[in-house]
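Fold and geometry: a report
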Amino acid sequence: MSTGEAGPIKPLFWIGSSWKDLKAFPAGVRQTAGFALWQAQMGRKHVSAKVLKGFGGAGVLEVVEDDDGSTYRVVYTVKFAGAVYVLHAFQKKSKSGIKTPASEMGIVRRRLKAAEEHHAARRREEGGREN
């Protein structure tokens, strides 16, 4: 289930411990997140991918998946042309509210900056644009 038109597959980059963290999730959560990321690579948007507020637009998205009473989130960005960056994968520990904890948002912000730097370096190496 997805929306959007398919294009050439975009490379997927893992920032920080996002790969290791996602690998520790339950199998069903990994499967949903993996499918959502594959769709992002194809230029599509998974039906459960939602814009993560606080980043000024639709460039940072999250997939929220529940499993056995726990909630898991995978945050990624499609902000940079020709690439998908996985910024963070975490289990939401707070029992009150749906808001993403400030500590987790801080990690996303730092990793978004790292993704921006990585993308700029890739573009310089390719002799192309930065966006």
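So, here is what we can say about the structure in this document.

Conventions we followed
Residues numbered from 1 in each chain as written. Predicted model: local features only at pLDDT ≥ 70, side-chain atom pairs only at ≥ 80, totals over all residues. Heavy atoms only, no water. Helix = DSSP H or I, 4+ residues; strand = E, 2+ residues; numbered from the N terminus. Buried < 20%, exposed > 50% of the residue type's maximum accessible area, 1.4 Å probe, protein only. Areas by Shrake-Rupley, 256 points an atom, 1.4 Å probe, with all protein chains shown as cover. Expected span 1.5 Å × (residues − 1). Contact = heavy atoms within 4.5 Å. Pairing = 2+ DSSP bridges. Salt bridge = Lys/Arg side-chain N within 4 Å of Asp/Glu carboxyl O. Axes fitted to C-alpha atoms, helices over the stretch in contact; angles between N-to-C directions. Core = buried A, V, L, I, M, F, W, Y, C linked by side-chain atoms within 4.5 Å.

1. Topic: the overall build of the chain
Helix and strand counts for the chain come out as 3 helices and 7 strands. Order of helices (α) and strands (β) in the chain, N terminus to C terminus: β-β-α-α-β-β-β-β-β-α. In the chain, which comprises 131 residues, the share counted as buried stands at 39%. When the accessible area of the chain is evaluated, it comes to approximately 7400 Å², of which 54% is carbon and sulfur surface.

2. Details of helix H3 (residues 102-126)
Its 25 residues place the ends of H3 36 Å apart at the C-alpha level, agreeing with the 36 Å of an ideal helix rising 1.5 Å per residue. Looking only at H3, the buried set comprises Glu-104, Met-105, Gly-106, Val-108, Arg-111, Leu-112, Ala-115, His-119, Ala-120, Arg-122 and Arg-123. Turning to H3, the residues buried within the fold contact strand S2 (12-14), helix H1 (18-23), strand S5 (60-67), strand S6 (70-77) and strand S7 (84-92). Looking at the residues trailing H3, positive phi occurs at Gly-127, about 70 degrees.

3. A few points about the pairing of S5
Judged from the 3 bridges that link them, strand S4 (residues 49-51) and S5 form a sheet pairing that is antiparallel. Counterpart to Ala-49 in the pairing with S5 is Val-63. Summarising the sheet, S5 and S6 pair through 8 bridges and their orientation is antiparallel. Counterpart to Asp-66 in the pairing with S6 is Thr-71.

4. Examining the pattern of salt bridges
The final tally for this structure, using the stated rule, is 3 salt bridges. Arg-122 is the salt-bridge partner of Glu-126, the closest N and O atoms lying 3.5 Å from each other. Of this pair, Glu-126 and Arg-122 both sit in helix H3, 4 residues apart, which is roughly one turn of the helix. Arg-122 sits in the buried class, given a relative accessible area of 15%. The network of salt bridges with shared partners includes Arg-122, Arg-123 and Glu-126.

5. Thoughts on the sheet that holds S5
Ordered in space as S2-S7-S6-S5-S4, the 5 strands form an open sheet in which the pairing is mixed. Sheet topology places S2 and S4 at the edges, where each strand pairs with a single neighbour. The mean inter-strand angle of the sheet, taken between neighbouring strand axes irrespective of direction, is 35 degrees. One ladder, built from 7 bridges, connects S6 with S7; its direction is antiparallel. Bridged to Val-75 within S7 is His-88.

6. Concerning the nonpolar core
Formed by 16 residues in total, the largest nonpolar core has its most connected members in Leu-22, Phe-25, Val-74 and Tyr-76. For this core, the elements supplying multiple residues, two or more each, are helix H2 (27-41), S5, S6 and S7. Of all the elements, H2 adds the most residues to this core, at 5 residues. Ignoring anything within four residues of it in the chain, the contact list for Val-74 reads Leu-22, Phe-25, Ala-33, Leu-61, Glu-62, Val-63, Val-86, His-88 and Ala-89.

7. A closer look at unusual backbone geometry
Positive phi is not limited to glycine here, since Asp-68 has a value of about 50 degrees. Taking the relative accessible area as the measure of exposure, Asp-68 reaches 77% and is therefore exposed.

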